[in-house]
Amino acid sequence: MDLIEVRISDISLTNVGFAVFLKPKDIPDAKVVPIFIGPLETHSITSVLEGVVPPRPMTHDLLMQIVNTIGVKIVKITIDQIIDNTFFAKIYLRKDEEILILDARPSDSIAVALRAESPMYITQKVLNEAGIVMKEELSSDKIPEIEQPIVPKTRLQILEETLSNAVKSEDYETAAKIRDQIKKIIESS
């Protein structure tokens, strides 16, 4: 399995939901792999990227506390399959000399890898199957599951959408945290 280390090149609100875009880290390849994720996972990932520390641990923060408490290290994550337009990921853990491999959603894997400062990989097969070339405008034949071009949103717009979804799902603790992030953005501009 040929693994390619990736980094997050963008997180955007598209016409079909939030997407995280993964780009090969050391390969001068114009391709990115868009993976659609939920609003709460988007919030979890962007919080780490922006250095926001919640007053109480969110789900992925709690998971990292558990991992650290039991003496396990997250070695890496891989996004290694696409089946029926669904991405599959694995989290590789080290406990002493043993390597444990857990099945996981890509969004959770990315959120955990960012917190653990662990590398993220995709397979060459995933890059070939799902990779797209980012241009100013994408044609609909490049991404079959998207009917219109991706329309990037600002960080403020992403947070406002996430806030709306948190309120709709009655997750008021998350909504309050997002509201505070929105206030900080508005105050600093």
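Residues numbered from 1 in each chain as written. Predicted model: local features only at pLDDT ≥ 70, side-chain atom pairs only at ≥ 80, totals over all residues. Heavy atoms only, no water.

Thoughts on the sheet that holds strand β7 (residues 120-123)
Piece 1. Strand order in the open sheet formed by eight strands is β6-β5-β4-β7-β1-β2-β3-β8, and the pairing between neighbours is mixed. If you trace the sheet from one side to the other, it starts and ends with β6 (98-104) and β8 (132-133), each paired once.
Piece 2. With five bridges connecting them, strand β2 (residues 17-24) and strand β3 (residues 31-37) associate as antiparallel partners. Its bridge partner being in β3, valine 20 is matched across the sheet by isoleucine 35.
Piece 3. Here helix α1 (residues 39-49) sits on the sheet and contacts β1 (3-14), β2 and β3; the angle it forms with β1, its principal contact strand, is near 115°.
Piece 4. Where helix α3 (residues 106-116) meets the sheet, its contacts fall on β1, β2, β3, β4 (73-83), β5 (86-95), β6 and β7, and the angle it forms with β4 comes to roughly 155°. (Pairing = 2+ DSSP bridges. Helix = DSSP H or I, 4+ residues; strand = E, 2+ residues; numbered from the N terminus. Contact = heavy atoms within 4.5 Å. Axes fitted to C-alpha atoms, helices over the stretch in contact; angles between N-to-C directions.)

Some points on the packing of aromatic side chains
Piece 1. Tallying each qualifying case throughout the model produces zero aromatic pairs.
Piece 2. Positioned above the aromatic ring of tyrosine 92, the side-chain terminus of lysine 76 is 4.6 Å from the ring centre. (Phe/Tyr/Trp six-rings, centres within 6.5 Å; stacked < 30°, edge-to-face > 60°. Lys NZ or Arg CZ within 6 Å of the ring centre and 35° of its normal.)

Concerning the environment of proline 39
Piece 1. With respect to the helices and strands, the residue proline 39 is situated in helix α1.
Piece 2. Proline 39 sits 126 residues away from asparagine 165 along the chain, and the two C-alpha atoms are 7.0 Å apart.
Piece 3. With sequence-adjacent residues up to four places away left out, proline 39 is seen in contact with Phe18, Thr162 and Asn165.

Focus: the environment of alanine 130
Piece 1. If you trace the backbone, alanine 130 turns up in helix α4 (residues 124-130).
Piece 2. Taking the C-alpha atoms as reference, alanine 130 lies 8.3 Å from isoleucine 82; in sequence the two are 48 residues apart.
Piece 3. Other than its neighbours up to four places away in sequence, alanine 130 contacts Val32, Val33, Pro34, Ile82 and Phe87.

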